[in-house]
Amino acid sequence: MKKRANVIIQFCIGVFLLIITLFPILWMLGLAIRPMDELVGKISLFPKQITLEHFSNLFIKKNFGIALKNSAVTTLISLCISLACGLTCAYILARSRFKIKTKRLMTYWILLVRVLPPISFAIPLYILFSKTKMLTSLMPVISACVFINIPLTVWFIISFFQDLSVEIEESAQIDGATEWQLFRKVVLPLVLPGIAAISMLSFIYAWNEYTYSVIFIQRSKEYTVPIALSILNTEDNVTQFGLVAAGGIVSLLPMAVFITFAQKYLISGLSSGAVKE
């Protein structure tokens, strides 16, 4: 009886915490599907009518689709580059057989880049991209995301490489595997949970990146999702809460899809990445 009561209490606490966590998203969805007349004055908890007018205005009048495309390009390219550079760098730093005299210095230098505030790199990067005439493209934002995400990837994934058994790699080398085959076919599958986790973090950062975007982006056709959302809530449109809420809901969908996709690899990696003696 006591055990059943504890289960019920834990269930109620879990439901309560879930409601608190999901309420802001559900409230934003409720604002997004309400007609304009329900957004004036006292707003009820549940919408009396449902409309998709705000979503249609978002894409037809505000060209939000262009911002989604720009954010997708920026996020995916920066994610691929960050993973390619970060994983290889972390593996080299984690293995003693790679003789690099400045390995310890490189490790702390990477940490320093990650610890410093991102805004501290804004002026040097702006001068660099201004001199190279790249401010009229998405390349500055992509480069900034890569610059921030590579140190995060290295310091996050290096512990996964250090925890791997060296005997597994030695066995693969005895069987004739090259360094690239060893890294790609043996090591990476074993650290798949770490790769999935850091991919989620890097994706979320790049998708929500605002600081560098507002500094580097100069033309409306290069606006990313955070910039497009910020200009929806101007002085003229401050009462159009439905439009802003619709933009927030749409911006959440790509992150939800990516995290759901990456979570499958996280779970499969945890279940199949165990080492059998």
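Small disclaimer: the values here were computed from a predicted structure and weren't measured. (Residues numbered from 1 in each chain as written. Predicted model: local features only at pLDDT ≥ 70, side-chain atom pairs only at ≥ 80, totals over all residues. Heavy atoms only, no water.)

**Here we look at the overall build of the protein**
- Looking only at helices and strands, the protein features 12 helices and 0 strands.
- Relative to the globule expectation of 19 Å for 277 residues, the C-alpha radius of gyration of the protein, 24 Å, shows a markedly less compact shape.
- Dimensions of the protein, computed from C-alpha atoms along their principal axes, come out at roughly 75 × 75 × 30 Å.
- For the protein, buried positions account for 37% of its 277 residues.
- Computed over 24 positive and 14 negative side-chain charges, the inter-centroid distance for the protein is 1 Å. (Helix = DSSP H or I, 4+ residues; strand = E, 2+ residues; numbered from the N terminus. Rg over C-alpha atoms; globule rule 2.2 N^0.38 Å. Buried < 20%, exposed > 50% of the residue type's maximum accessible area, 1.4 Å probe, protein only. Lys, Arg positive; Asp, Glu negative; His and termini not counted. Charge placed at Lys NZ, Arg CZ, Asp CG, Glu CD.)

**Structural notes on the environment of His54**
- Tracing the backbone shows His54 in helix H2 (residues 53-60).
- On the basis of relative accessible area, His54 is assigned to the buried category, the value being 3%.
- In this structure the C-alpha to C-alpha distance between His54 and Ala32, which are 22 residues apart in sequence, comes to 6.4 Å.
- Setting aside anything within four residues of it in sequence, one finds His54 in contact with Leu31, Ala32, Arg34, Pro35, Met36, Leu39, Gly242, Leu243 and Ala246. (Contact = heavy atoms within 4.5 Å.)

**Thoughts on the packing of helix H3 (residues 64-94) against helix H9 (residues 192-208)**
- Put simply, H3 and H9 touch, their axes get as near as 9 Å, and they point 140° apart. Between H3 and H9, the angle is such that the two are oblique. Regarding H3 and H9, the two cross each other, and that crossing is right-handed. Taking contact as the criterion, the partners of Leu68, Ser71, Ala72, Thr75, Leu76, Ser78, Leu79, Leu83 and Leu87 in H3 are, on H9, Ile195, Ile198, Ser199, Ser202, Phe203, Ala206 and Trp207. (Axes fitted to C-alpha atoms, helices over the stretch in contact; angles between N-to-C directions. Parallel < 35°, antiparallel > 145°, perpendicular 65-115°, else oblique. Left-handed = near helix turned anticlockwise from the far one by under 90°.)

**Re the environment of Met106**
- Among the structural elements, Met106 can be located in helix H4 (residues 103-115).
- Judged by its relative accessible area of 32%, Met106 is partly exposed.
- The spatial distance from the C-alpha of Met106 to the C-alpha of Cys89 is 10.0 Å, given a sequence separation of 17 residues.

**Overview of the nonpolar core**
- Residues Phe55, Leu58, Phe64, Leu87, Phe161, Phe183 and Val187 are the most contacted members of the largest nonpolar core, which totals 45 residues.
- Among the secondary structure elements, those contributing two or more residues to this core are helix H1 (2-32), H2, H3, helix H6 (139-163), helix H8 (179-190), H9, helix H11 (225-232) and helix H12 (241-272).
- Top element by residues in this core is H3. It accounts for 10 residues.
- Not counting the four nearest positions on each side in its chain, Phe161 is found in contact with Leu87, Ala90, Tyr91, Ala94, Arg95, Phe183, Val187 and Val191. (Core = buried A, V, L, I, M, F, W, Y, C linked by side-chain atoms within 4.5 Å.)

**Let's talk about the packing of H3 against H8**
- Contact pair H3 / H8: the axes reach a minimum separation of 12 Å and the direction vectors enclose 90°. Classified by the angle their axes make, H3 and H8 are roughly perpendicular. Judged by residue contacts, Leu87, Thr88 and Tyr91 of H3 engage Leu182, Phe183, Val187 and Leu188 from H8.
- Of the residues contributing to the contact of H3 with H8, the split by class is 6 nonpolar, 1 polar and no charged. (Nonpolar A, V, L, I, M, F, W, Y, C, P; charged D, E, K, R; others polar.)

**Observations regarding the pattern of salt bridges**
- Evaluation of the coordinates by the stated rule reveals 1 salt bridge.
- In this structure, Glu222 engages Arg219 in a salt bridge whose closest nitrogen and oxygen atoms are separated by 2.6 Å.
- On the accessibility criterion, Arg219 (34% relative accessible area) is partly exposed. (Salt bridge = Lys/Arg side-chain N within 4 Å of Asp/Glu carboxyl O.)

**Here's the deal with the packing of aromatic side chains**
- Counted by the stated rule, this structure contains 13 aromatic pairs.
- Between Trp180 and Phe183, the aromatic rings sit 6.3 Å apart at their centres with planes inclined by 35°, giving tilted as the arrangement. Of the two residues, Trp180 and Phe183 are both situated in helix H8; the distance of 3 residues between them amounts to about one turn of the helix.
- Taking the relative accessible area as the measure of exposure, Trp180 reaches 53% and is therefore exposed.
- The class of Phe183 is buried, set by a relative accessible area of 8%. (Phe/Tyr/Trp six-rings, centres within 6.5 Å; stacked < 30°, edge-to-face > 60°.)

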